[in-house]
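# Structural characterization, general
Single-letter residue listing:
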Amino acid sequence: MPDTRPLRDDLQATLDARRALGPDYDAALVDSFVERLDETIGARVRAELTMHGAAPHQHQAKNPGSAMIPIALGSMGIGIPLTAIAAGNAGLVGLTITWLAIVVINVAAAAAIMRRG
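Attention now moves to the overall build of the protein chain. Scanning the protein chain for helices and strands turns up three helices and zero strands. Along the protein chain, helices (α) and strands (β) appear in the sequence α-α-α when read from the amino end. Burial status across the protein chain gives 14% buried among its 117 residues.

Written as structure tokens, this is what we have:
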């Protein structure tokens, strides 16, 4: 368990300052202590992630292309019924428009994912 003495000392100092300054400074004292508490928690989380071999911002996929898999599968799932509807109602023109729209959406999604990755 990490040493909590500095945080306890900060809390004690905050309480002592509150007694000395009075209730008019409660908000400022609480904000100051919460800021130090947030920093301590953040440092502990980073230390735990490092100890377990995970970098703090490692939640993103290592291969940005892997984020396209759900989009591609969703396009196929939506594309099959849209193909039947478009071909049945508008013929080749409707079918072409439907698949062009699906392609444009997938290209835009891939471009966005590649920019992030």
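A word on the confidence of the model for the protein chain. The share of residues in the protein chain with pLDDT of 70 or more is 87%, and the mean pLDDT across the chain is 82. Ranking the helices and strands of the protein chain by mean pLDDT puts helix α3 (residues 68–116) first, with 89, and helix α2 (residues 26–51) last, with 84.

Applying the stated rule across the entire model yields three salt bridges. Taking the shortest distance from any N to any O, the salt bridge between D10 and R36 comes out at 3.3 Å. In this pair, D10 is assigned in helix α1 (residues 5–21) and R36 in helix α2, connecting sequence segments 26 residues apart. Owing to a relative accessible area of 26%, D10 belongs among the partly exposed residues under this scheme.

The periodicity of an α-helix, 3.6 residues per turn, causes residues three or four positions apart to be oriented the same way. In this model, α1 (17 residues) spans 24 Å end to end at C-alpha, consistent with the 24 Å of a helix rising 1.5 Å per residue. In the segment just after α1, G22 is the residue with positive phi, at about 95°.

The next subject is α3. Across its 49 residues, α3 extends only 12 Å between first and last C-alpha, which sits more than 12% below the 72 Å expected from 1.5 Å per residue. The sharpest bend along α3 measures roughly 145° and falls at A90. Turning to α3, its buried residues are M68, S75, G79, A86, G94, T98, I102, N106, A109 and I113.

The subject of this paragraph is the packing of α1 against α2. It is the contact of α1 with α2, at a shortest axis distance of 10 Å, that shows an interaxial angle of 175°. Compared by their axis directions, α1 and α2 come out roughly antiparallel. The segment α1 lies against α2, with L7, D10, L11, T14, A17 and R18 engaging D26, L29, F33, R36, L37 and T40. Taken together, the residues that form the contact of α1 with α2 break down as six nonpolar, two polar and four charged.

Turning to the side chain of N106, a few remarks are in order. Its location among the elements puts N106 in helix α3. The contacts of N106, once residues within four sequence positions are left out, are M68, I71, A72 and S75.

A surface patch of like charges, here negative, comprises D31, E35, D38 and E39. When you line up the elements, D38 lands in helix α2. Judged by its relative accessible area of 49%, D38 is partly exposed.

We now examine a nonpolar patch on the surface. Together, I78, L82 and I85 give the surface a local cluster of nonpolar side chains, amounting to about 270 Å² of exposed area. As for its position among the elements, I78 is in helix α3. Looking at I78, the relative accessible area reads 52%, which means it is exposed.

Parameters at a glance
- Residues numbered from 1 in each chain as written.
- Predicted model: local features only at pLDDT ≥ 70, side-chain atom pairs only at ≥ 80, totals over all residues.
- Heavy atoms only, no water.
- Helix = DSSP H or I, 4+ residues; strand = E, 2+ residues; numbered from the N terminus.
- Buried < 20%, exposed > 50% of the residue type's maximum accessible area, 1.4 Å probe, protein only.
- pLDDT = per-residue confidence, 0-100.
- Salt bridge = Lys/Arg side-chain N within 4 Å of Asp/Glu carboxyl O.
- Expected span 1.5 Å × (residues − 1).
- Bend = angle between axes of the 7 residues up to and from the residue.
- Axes fitted to C-alpha atoms, helices over the stretch in contact; angles between N-to-C directions.
- Parallel < 35°, antiparallel > 145°, perpendicular 65-115°, else oblique.
- Contact = heavy atoms within 4.5 Å.
- Nonpolar A, V, L, I, M, F, W, Y, C, P; charged D, E, K, R; others polar.
- Patch = residues over 30% accessible without salt bridge, like charges linked within 9 Å, V, L, I, M, F, W, Y side chains within 5 Å.
- Areas by Shrake-Rupley, 256 points an atom, 1.4 Å probe, with all protein chains shown as cover.
- Lys, Arg positive; Asp, Glu negative; His and termini not counted.
- Charge placed at Lys NZ, Arg CZ, Asp CG, Glu CD.

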